[in-house]
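Chain and residue survey
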Amino acid sequence: MVEDEVALAETVRHGLTQAGFVVEVVHNGEDAVRAATENPYDVIVLDIMLPKLNGYKVLEQIRERGVWAPVLMLTAKDGDYDQTDAFDLGADDYLTKPFSFIVLVARLRALIRRGAPERPVVLIAGDLHLNPVRRRVERAGQEIVLTHREYGLLEFLMRHRGETVSKTQILENVWNPGFEGDPNVVEVYIRYLRLKLDAPFERNAIQTVRGMGYRLDPDGG
């Protein structure tokens, strides 16, 4: 658990211990990166507002180092963009303060049951390559610079390459569950990706499946 409020960290640690967990606590971002890199944790509970390195930086650095333990963000930051940034950087769950302790326990147990599946180093669709560790995208050997949201959408499509995914699936996985905005935002970001990944290379990797959603050609278009 990474939490800079010592009293809160101790309270949660005590409660989780009573619930059967073995808990280690650190209080700043630098110690969090070091601990996560050196120890095979089943799950990591991570605050965002931390001294030395904030939670976003911690998350980014441990994912870059190949640490795939499930991460639950436990934070007072409750904005949509805060959650989106966390998920884009590799978080697995997000819980805002104040929180229900029994909900925290249930979510931790769910993450532990799910485990940390091995994540491929590079996702490939023809000459379109996405490196989740470096968050780098290339087409025909040329680096493509994407925003966080564009990257998250492309990674989701590439993890489901060859499959048709609906707008609802995209919103739930790339934006957030229970998204209440305009679902046409998906079309906007699909267009952004096509302008960057397909048009300059005369390709058609991101295909519209009328009435169903979108499909990324496993051969890169």
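For the structure, check the block above.
What counts, and where the lines are drawn
- Residues numbered from 1 in each chain as written.
- Predicted model: local features only at pLDDT ≥ 70, side-chain atom pairs only at ≥ 80, totals over all residues.
- Heavy atoms only, no water.
- Axes fitted to C-alpha atoms, helices over the stretch in contact; angles between N-to-C directions.
- Helix = DSSP H or I, 4+ residues; strand = E, 2+ residues; numbered from the N terminus.
- Parallel < 35°, antiparallel > 145°, perpendicular 65-115°, else oblique.
- Left-handed = near helix turned anticlockwise from the far one by under 90°.
- Contact = heavy atoms within 4.5 Å.
- Pairing = 2+ DSSP bridges.
- Right-handed = clockwise from strand over helix to strand, strands pointing away.

1. Let's talk about the packing of helix α4 (residues 80-88) against helix α6 (residues 148-159)
Put simply, α4 and α6 touch, their axes get as near as 10 Å, and they point 50 degrees apart. In terms of their interaxial angle, α4 and α6 are classed as oblique. Considering only the axes of α4 and α6, their crossing is left-handed. For the pair formed by α4 and α6, the contact residues are Tyr 81, Thr 84, Asp 85 and Asp 88 on the first element and His 148, Arg 149 and Gly 152 on the second.

2. Comments concerning the sheet that holds strand β1 (residues 44-46)
Strand order in this open sheet of 3 strands is β1-β2-β3, and the pairing throughout is parallel. At either end of the open sheet lies a strand with only one pairing partner, and these are β1 and β3 (93-96). On average, adjacent strands in this sheet sit at an angle of 25 degrees to one another, irrespective of strand direction. Both β1 and strand β2 (residues 71-75) contribute to a ladder of 3 bridges, which runs parallel. By the bridge assignment for β2, Leu 46 is matched with Met 73. Sitting on the sheet, α4 is in contact with β2 and β3, with an inclination near 150 degrees to β3. Across the face of the sheet, helix α5 (residues 101-114) comes into contact with β1, β2 and β3 while running at roughly 170 degrees to β3.

3. Examining the pairing of β3
For β2 and β3, the ladder comprises 4 bridges, and the chain directions are parallel. Of the residues in β3, the one forming a bridge with Leu 74 is Leu 95. With respect to chirality, the unit in which β2 leads through α4 into the neighbouring parallel β3 is right-handed.

4. So, the sheet that holds strand β6 (residues 136-139)
Spatial strand order, β4-β5-β6-β7: 4 strands in an open sheet with antiparallel pairing. The open sheet is flanked by β4 (123-125) and β7 (142-144), the only strands paired with a single partner. Averaged over all pairs of adjacent strands, the angle between their axes in this sheet comes to 25 degrees, without regard to strand direction. Direction of pairing for strand β5 (residues 128-131) relative to β6: antiparallel, over a ladder of 4 bridges. From the neighbouring strand, Leu 130 faces β6, where its bridge partner is Val 137. Lying on the sheet, helix α8 (residues 185-198) is in contact with β5, β6 and β7; it crosses β6 at an angle near 55 degrees.

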